[in-house]
Amino acid sequence: MEIRIKNQKKVLILGFASTIIMVVVLGIASHAQLNRMANTMNLLYSHPYIVSNTTQEIKFNLVSMQRYMRSAVLAKSDQDLDELVSLIASHEEEVFKRFDLLSERFLGEKNTINESYRMVVQWQPIRGEIIRLARTKNSPHSLAIARQAEGAFMQTLLGKIQLINDFANKKAASFQQAYIKEKQQALWVNYVLSFFTILFILMLAIRMIKKTDQYESDRCDKEHLIDQSIMLAKLDKNGVVLDISNALCRFLDKNKTELLGENSHFFDNSKRAEKVNNTILSVLKTGAEWRGEIQYINPEGKACWAQSTIVPCYDKAYQISHFTNTLVNITNNKLALIDELTSLLNRRGFDAILSREFLHVQRDNANLSLAILDIDYFKKFNDLYGHPKGDEALRQVSGLIHENVDESCFAFRIGGEEFAMIFVGHSLGSTKQLLHRLKDRVERLQIPHAHNQVSDALTLSIGALVITPEDNVEERRLYSLADKALYQAKQQRNNVVVSKYQASEPHLNLTPEI
């Protein structure tokens, strides 16, 4: 034990040393990353330079337009004038494009840009008047306008463009200073965080080494908690109990000494125990994990249910050495599926088990029989004898139905006086035989029913459907098809109708048998 604790300390120290190395590497990597981030920020804020370059391009195009305007005033032919007008228009288009880029990238107030843009637009009629005068060969007049009005206008416009350029240059300088400052701050933050991280890990390592001395105590506490809270058993390859938790002993209502060394039967002692045990062993022998529900009848006769998980455990030679069985009590959930009056499964249980067994018979290539049972004229029975007598009659009938339940059969109360039974692996003939026997036994109870039109005693009408692995029938149709058989049985009452699914015919071939 002492050697094992020392080894654990060594592993712990090595682990923390590795962690410190990783943190140092992380700090170096973070340092490099912060540099890259700062550089990225520098590139991000370099767009003031784009603004500055754009204003220069605008000024160039405006000056070019002014120069071409003066040339247009002195043009000697209409052809020369048209070429100059075309050049002016192309430069004007470039100016508008640069203003779009300027508006997108400019970080200051947009009023200066908007004023400049409007001035460019206002320059258009002035140019138009000059070009009109030039086309009428009124060169002196147009030249005077170009030198006076256009000259003053251009001086104002270029001044506003210069203001935008000056603002961009100032903004670029401020961004550069902010970038340098943020980079230095980021580096210091990284250094400080790395220092405190290493310090914290060292303190944590010291604390954890001290805590290791309490390892055995903590482990015992955990084992006690598991023993008292989790239903757990260790079983040998034949299912014999090697160890078992007290929580599971309480569930089984037995002492640990009563269970150790005994065959667990995987803690299922219901009517289906043999089938469940065989299924579990066949799965576990393949090395696979088994999951499913088990039912346990305690010494007082009370039924309990659990969700069971059994996992094979292997030795060093990779051979199965034992099984670990973990159970979760689901009795309360199962009781929600039980009809309180009759103790049979209720409609919710019927829907769940029908879906489950339908999948099972498809997997196992087995027959499935679904029977719907209805007490004849039961409403008249209640009206005549009262509901307490009706409840007692339901309990007596359900008791007979329950006696027919075995590992291949399930029984349900799905309505007021309506019951259902599911048979797995029964042929058409055996299903008929079981249902006829049940019908006759109910009548032999001799429960008086004066308003029964077919007998002086309480009777049943039963309709059933039998499907084989070859039948291609959908699960959702099973109940409706069985109900059709019940409808035919109720035409005569105290009757049994068992039908076989025939997909080739539009309706079932229902042959009533009394």
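Residues numbered from 1 in each chain as written. Predicted model: local features only at pLDDT ≥ 70, side-chain atom pairs only at ≥ 80, totals over all residues. Heavy atoms only, no water.

Colleague: Honestly, the sheet that holds strand β2 (residues 241–244) in this entry has me stumped. Any pointers?
Modeller: Sheet strands associate in pairs through backbone hydrogen bonding, adopting either a parallel or an antiparallel arrangement. Spatial ordering of the open sheet is given by β2-β1-β5-β4-β3, a layout of five strands whose pairing is antiparallel. Bordering the open sheet on either side are β2 and β3 (290–297), each of which pairs with just one other strand. Recorded for the sheet is a direction-independent mean angle of 30° between the axes of neighbouring strands. Sheet topology places strand β1 (residues 231–235) next to strand β5 (residues 320–329); five bridges connect them, and they run antiparallel. Of the residues in β5, the one forming a bridge with leucine 232 is threonine 326. This element, helix α10 (residues 273–284), spans β3, β4 (303–314) and β5 of the sheet and lies at about 155° to β3. (Pairing = 2+ DSSP bridges. Helix = DSSP H or I, 4+ residues; strand = E, 2+ residues; numbered from the N terminus. Axes fitted to C-alpha atoms, helices over the stretch in contact; angles between N-to-C directions. Contact = heavy atoms within 4.5 Å.)

Colleague: Help me understand a nonpolar patch on the surface in this model?
Modeller: Among the surface-exposed residues, Trp188, Tyr191, Val192, Phe195, Phe196, Leu199 and Met203 lie close enough to one another that they form a single nonpolar patch of about 780 Å² accessible area. Mapped onto the elements of the fold, phenylalanine 195 is located in helix α6 (residues 149–212). (Patch = residues over 30% accessible without salt bridge, like charges linked within 9 Å, V, L, I, M, F, W, Y side chains within 5 Å. Areas by Shrake-Rupley, 256 points an atom, 1.4 Å probe, with all protein chains shown as cover. Salt bridge = Lys/Arg side-chain N within 4 Å of Asp/Glu carboxyl O.)

Colleague: Which parts of the structure should I look at to understand the packing of aromatic side chains?
Modeller: The description of an aromatic ring pair rests on the distance of the ring centres and on the angle between the ring planes. Counted by the stated rule, this structure contains five aromatic pairs. Between phenylalanine 378 and phenylalanine 381 the ring centres are 5.8 Å apart and the planes differ by 10°, which places this aromatic pair in the stacked class. Of the two residues, phenylalanine 378 and phenylalanine 381 both sit in helix α13 (residues 378–385), three residues apart, roughly one turn of that helix. In this structure, phenylalanine 378 and phenylalanine 381 share a single accessibility class: buried. Measuring from ring centre to ring centre gives 4.7 Å for phenylalanine 381 and tyrosine 385, while their planes differ by 45°; the resulting arrangement is tilted. One end of the pair is phenylalanine 381 and the other is tyrosine 385, both in helix α13 and four residues apart, which spans about a single turn. (Phe/Tyr/Trp six-rings, centres within 6.5 Å; stacked < 30°, edge-to-face > 60°. Buried < 20%, exposed > 50% of the residue type's maximum accessible area, 1.4 Å probe, protein only.)

Colleague: Could you clarify how one ought to interpret the nonpolar core in this entry?
Modeller: Soluble globular proteins tend to pack their nonpolar side chains together in the buried interior. Residues Leu373 and Met421 are the most contacted members of the largest nonpolar core, which totals 29 residues. Those elements that provide at least two residues to this core are β6 (368–375), α13, α14 (387–403), β7 (409–413), β8 (418–424), α15 (428–444), β9 (460–467) and β10 (496–500). If you tally residues by element for this core, the top one is α14, at five residues. If we ignore the near neighbours within four places in the chain, the residues touching methionine 421 are Ser369, Leu370, Ala371, Leu373, Ile401, Asn404, Cys409, Phe410, Ala411 and Leu438. (Core = buried A, V, L, I, M, F, W, Y, C linked by side-chain atoms within 4.5 Å.)

Colleague: Even after reading the chapter, I still don't get the packing of α13 against α14, so can you show me in this structure?
Modeller: When two helices pack together, their arrangement is given by the angle between the helix axes and the distance between those axes. Relative orientation of the contacting elements α13 and α14 amounts to 135°, with a least axis distance of 7 Å. Taken together, α13 and α14 sit at an angle that is classed as oblique. Together, Phe378, Phe381, Asn382 and Tyr385 of α13 and His387, Lys389, Gly390, Ala393 and Leu394 of α14 make up the contact between the two elements. When its residues are assigned to classes, the contact of α13 with α14 shows five nonpolar, three polar and one charged. (Parallel < 35°, antiparallel > 145°, perpendicular 65-115°, else oblique. Nonpolar A, V, L, I, M, F, W, Y, C, P; charged D, E, K, R; others polar.)

Colleague: For this particular structure, what's the right way to read unusual backbone geometry?
Modeller: Excluding glycine, most residues fall at negative phi; most peptide bonds, likewise, are trans. In this model, histidine 265 sits at a positive phi of 50°, which is unusual for a non-glycine residue. Following the sequence through the fold, histidine 265 ends up in the loop between α9 (256–259) and α10. Classification of histidine 265 by relative accessible area gives partly exposed; the value is 43%.

Colleague: When you look at the packing of α14 against α15 in this model, what are you seeing that I'm missing?
Modeller: Where α14 meets α15, the closest approach of the two axes is 10 Å, and the angle between their N-to-C directions is 150°. The hand of the α14/α15 crossing is right-handed. The segment α14 lies against α15, with Val397, Leu400, Ile401 and Glu403 engaging Leu438, Arg441 and Val442. Across the contact of α14 with α15, the residue classes break down as five nonpolar, no polar and two charged. (Left-handed = near helix turned anticlockwise from the far one by under 90°.)

Colleague: Help me understand the pairing of β1 in this model?
Modeller: Both faces of the sheet carry side chains from a regular strand, because those side chains alternate between them. Side chains Met231, Ala233 and Leu235 of β1 all project onto a buried face; the interleaved residues Leu232 and Lys234 project onto a face where none is buried. Inspection of the sheet shows β1 paired to β2 by three bridges, in the antiparallel sense. Counterpart to leucine 235 in the pairing with β2 is valine 241. Hairpin geometry of β1 and β2 is characterised by an intervening segment of five residues between the two adjacent antiparallel strands and by a positive phi of about 90° at glycine 239.

Colleague: How do you make sense of the confidence of the model for the protein chain when you look at a structure like this?
Modeller: Interpreting fine coordinate detail is not advised for predicted regions of low pLDDT. Chain-level pLDDT for the protein chain is 81 on average; 85% of the residues reach the 70-or-more range. Below pLDDT 50 for its whole length, residues 505–514 participates in 27 contacts with residues either more than four positions away or in separate chains. (pLDDT = per-residue confidence, 0-100.)

Colleague: Whenever I open this one, the pattern of salt bridges confuses me. Can you help?
Modeller: Summed over all chains, the structure comprises 16 salt bridges. Put simply, glutamate 93 and lysine 97 hold a salt bridge, and the shortest N to O gap is 3.9 Å. Remark: lysine 97 and glutamate 93 occur in helix α3 (residues 78–105); sequence separation between them is four residues, near one turn of the helix. Residue class for lysine 97 comes out partly exposed when judged on its relative accessible area of 43%. Among the ionic pairs, glutamate 357 bridges to arginine 356, the shortest N-O distance being 3.1 Å. By relative accessible area, glutamate 357 is classed as buried at 2%. Residues joined by salt bridges that share partners form a network here, namely Glu57, Glu94 and Arg98.

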